[in-house]
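So the chains spell out like this:
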Amino acid sequence: MAQNRAINGISPLNTVITGASSGIGRALAVEFARHGHPVLATARREECIEELCEQMAQEGNPCVRCFPLDLTAPGAAKALLDEAVRVFGKVHVLINAAGMSPYQEFSELSCANVRRIIELNVLALTELCHLYLPHMQAHGEPGHIVNVGSVGAYAPLPRFSVYTGSKNYVRAFTDILAYECRGANIRVSALHPGGTLTEFPRLAGQQIKPFARKTMLTPERVAEIAYPAILKGQRVIVPGFANQLAVLLGKLLPFPWAIRLTDFVYRQSMDQVPPEYPS
Ligand SMILES: NC(=O)c1ccc[n+]([C@@H]2O[C@H](COP(=O)([O-])OP(=O)(O)OC[C@H]3O[C@@H](n4cnc5c(N)ncnc54)[C@H](OP(=O)(O)O)[C@@H]3O)[C@@H](O)[C@H]2O)c1
């Protein structure tokens with residue numbers, strides 16, 4: 001791929017982003033592309049990532065490529081590394097943004113969805129880190145690994161039991177990976193968003209009330225905050241004051257208080273409706 005221009009003195013970083021067909025992953029892809037970084041965008045919906053490539057090309061950023069892929073399919077992580085190496089040669093940034101979960105009590109969750117949450121939020125993310133880390137170590141140029149967790153990694157979220165568990169995994173795993181990479185030329189960040197106006201709430205079955213929507217960040221704002229923090233190698237990125245407060249309360253409050261508080265906030269802010277994921 002033709003090398004893009006450097007902007008603000010930062011060399012172009014070849015960037016792979018999962019979950020790039022919508023929401024936070026898409027906004028990060030736009031943010032990186034607009035700063036002159038070549039992006040390989042992946043998700044299942046080919047038409048959405050192609051539309052992203054076309055939009056970027058029209059803006060004069062022809063360096064966004066797309067690679068449609070179901071990350072829960074066997075061999076998907078390896079296929080994504082192979083494609084990235086074919087397109088870029090060297091990958092400098094891996095952003096694991098793909099994630100999903102229905103908003104349902106554990107007893108309501110289908111077996112298929114329990115499996116999907118763990119396969120996507122935990123297994124695919126871990127396998128990608130496991131493959132991209134040695135690739136970055138081998139080429140020796142600066143590397144960044146970014147795992148998207150959630151405020152739910154700090155504050156327990158009722159009706160998101162498996163999801164909260166998966167995001168606690170992302171938090172712990174990413175923290176330890178960052179520690180293990182401390183002497184290397186690879187920076188590891190965890191991006192923990194809170195409620196964000198993406199497809200996630202609708203797919204999950206959260207009908208957000210209008211007043212609560214006003215308190216949520218747009219994915220574009222999350223990406224705008226995250227981009228410089230990622231480049232600085234900030235280890236933990238929590239975008240927005242309300243989300244930082246939620247993280248602080250999650251750390252300070254005893255669990256029974258924290259979960260009652262989030263349950264109260266959730267019940268005021270949204271109605272539970274059937275999720276749009278296939279069961
Ligand atoms: N929105 C929030 O309130 C919020 C809050 C905290 C944390 N987060 C986290 O932020 C991350 C991004 O979520 P979002 O809010 O941007 O949600 P979103 O708009 O629903 O985006 C999720 C992305 O994941 C992709 N994806 C889903 N299943 C996949 C699969 N099997 N294989 C490959 N890609 C798959 C989707 O693309 P396809 O459907 O095209 O495959 C989509 O691009 C997630 O990790 C989520 O847990 C979101």
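Higher on the page you've got the structure.
Residues numbered from 1 in each chain as written. Predicted model: local features only at pLDDT ≥ 70, side-chain atom pairs only at ≥ 80, totals over all residues.

Visitor: Give a detailed account of the overall build of the protein, specifying residues and quantitative values.
Guide: Looking only at helices and strands, the protein has 10 helices and nine strands in total. The globule rule puts the C-alpha radius of gyration for 279 residues at 19 Å, and the 18 Å found for the protein is close to it. For the C-alpha atoms alone, the extent of the protein along its principal axes is close to 50 × 40 × 35 Å. Scored against the burial criterion, the 279 residues of the protein give a buried share of 45%. (Helix = DSSP H or I, 4+ residues; strand = E, 2+ residues; numbered from the N terminus. Rg over C-alpha atoms; globule rule 2.2 N^0.38 Å. Buried ≥ 20, exposed ≤ 12 C-beta atoms within 10 Å, placed from the backbone.)

Visitor: Requested: an account of the site of the ligand, with residues and values cited.
Guide: In the vicinity of the ligand lie 32 residues, with Gly19, Gly23, Arg44, Arg45 and Gly99 positioned nearest. Only helix H1 (23-34) and helix H6 (200-204) provide two or more residues apiece to the shell around the ligand. Of the residues assigned to the shell around the ligand, the class counts are 15 nonpolar, 13 polar and four charged. (Near = placed C-beta within 6 Å. Nonpolar A, V, L, I, M, F, W, Y, C, P; charged D, E, K, R; others polar.)

Visitor: Can you lay out the packing of helix H4 (residues 111-139) against helix H5 (residues 161-180) for me, pointing to particular residues and giving the numbers?
Guide: H5 packs onto H4 with a crossing angle of 10° between their chain directions and a minimal axis gap of 9 Å. Of the possible angle classes, the one that applies to H4 and H5 is roughly parallel. Across the interface between the two elements, Val114, Ile117, Ile118, Asn121, Val122, Leu125, Thr126 and Cys129 of H4 pack against Val162, Tyr163, Ser166, Tyr169, Val170, Phe173 and Leu177 of H5. Its residues placed into classes, the contact of H4 with H5 shows 12 nonpolar, three polar and no charged. (Axes fitted to C-alpha atoms, helices over the stretch in contact; angles between N-to-C directions. Parallel < 35°, antiparallel > 145°, perpendicular 65-115°, else oblique. Contact = placed C-beta atoms within 7 Å.)

Visitor: Summarise the sheet that holds strand S8 (residues 236-237); cite the residues concerned and give the values.
Guide: Spatially, seven strands are ordered S3-S2-S1-S4-S5-S6-S8 in an open sheet, and the strand pairing comes out parallel. Two strands close off the open sheet at either side, each with one partner strand: strand S3 (64-68) and S8. Along the sheet, helix H3 (residues 76-88) contacts strand S1 (15-18), strand S2 (39-43) and S3; its crossing angle with S2, the most-contacted strand, is approximately 155°. This element, H5, spans strand S5 (143-148) and strand S6 (186-191) of the sheet and lies at about 160° to S6. (Pairing = 2+ DSSP bridges.)

Visitor: Explain the pairing of strand S4 (residues 93-96) to me, using residue names and the numbers behind them.
Guide: Within a regular strand, side chains alternate between the sheet's two faces. Along S4, one buried face is formed by Val93 and Ile95 and the opposite face, lined by Leu94 and Asn96, is buried too. At this point the chain moves from S4, through H4, to the parallel S5, and the crossover so formed is right-handed. (Right-handed = clockwise from strand over helix to strand, strands pointing away.)

Visitor: Tell me what's going on with the nonpolar core, and back it up with residues and numbers.
Guide: When a protein is soluble and globular, its nonpolar side chains tend to lie buried together. Ranked by size, the top nonpolar core spans 73 residues in total, and within it Leu28, Ala29 and Ala41 carry the most contacts. If we ignore the near neighbours within four places in the chain, the residues touching Ala41 are Ile17, Ala20, Ala29, Ile49, Leu52, Val64 and Cys66. (Core = buried A, V, L, I, M, F, W, Y, C linked by C-beta atoms within 7 Å.)

Visitor: So, unusual backbone geometry: which residues are in play, and what are the values?
Guide: With a phi angle near 65°, Arg159 is a residue other than glycine that sits in the positive phi range. Mapped onto the secondary structure, Arg159 falls in the loop between S5 and H5.

Visitor: Can you lay out H5 for me, pointing to particular residues and giving the numbers?
Guide: For H5, spanning 20 residues, the distance from its first C-alpha to its last is 29 Å, which sits close to the expected 28 Å at 1.5 Å a residue. Residues of H5 that are buried: Val162, Tyr163, Thr164, Ser166, Lys167, Val170 and Thr174. In the core, the buried residues of H5 are packed alongside H4, S5 and S6. (Expected span 1.5 Å × (residues − 1).)

Visitor: Tell me what's going on with the environment of Cys63, and back it up with residues and numbers.
Guide: Here Cys63 is to be found in the loop between helix H2 (46-58) and S3. A residue is classified by how many C-beta atoms lie within 10 Å of it, and Cys63, with 24 of them, is buried. Linking Cys63 and Thr215, residues 152 residues apart in sequence, is a C-alpha distance of 34 Å.

Visitor: Tell me about the packing of H3 against H4, and name the residues and values.
Guide: Between H3 and H4, whose axes approach to 9 Å, the crossing angle comes to 35°. Considering only the axes of H3 and H4, their crossing is right-handed. Contacts between H3 and H4 pair Ala76, Ala77, Lys78, Leu80 and Leu81 from the former with Ala124, Glu127, Leu128, Leu131, Tyr132 and His135 from the latter. For the contact of H3 with H4, the residue count by class is eight nonpolar, one polar and two charged. (Left-handed = near helix turned anticlockwise from the far one by under 90°.)

Visitor: Explain helix H8 (residues 219-232) to me, and be specific about the residues and the numbers.
Guide: Here H8 spans 20 Å end to end across 14 residues, near enough to the 20 Å set by a 1.5 Å rise per residue. Taken together, the buried positions of H8 are occupied by Pro219, Val222, Ala223, Ala226 and Ile230. Where H8 is buried, its residues contact H1, S5, S6 and S8. The positive-phi residue at the C-terminal boundary of H8 is Gly233, with phi of around 80°.

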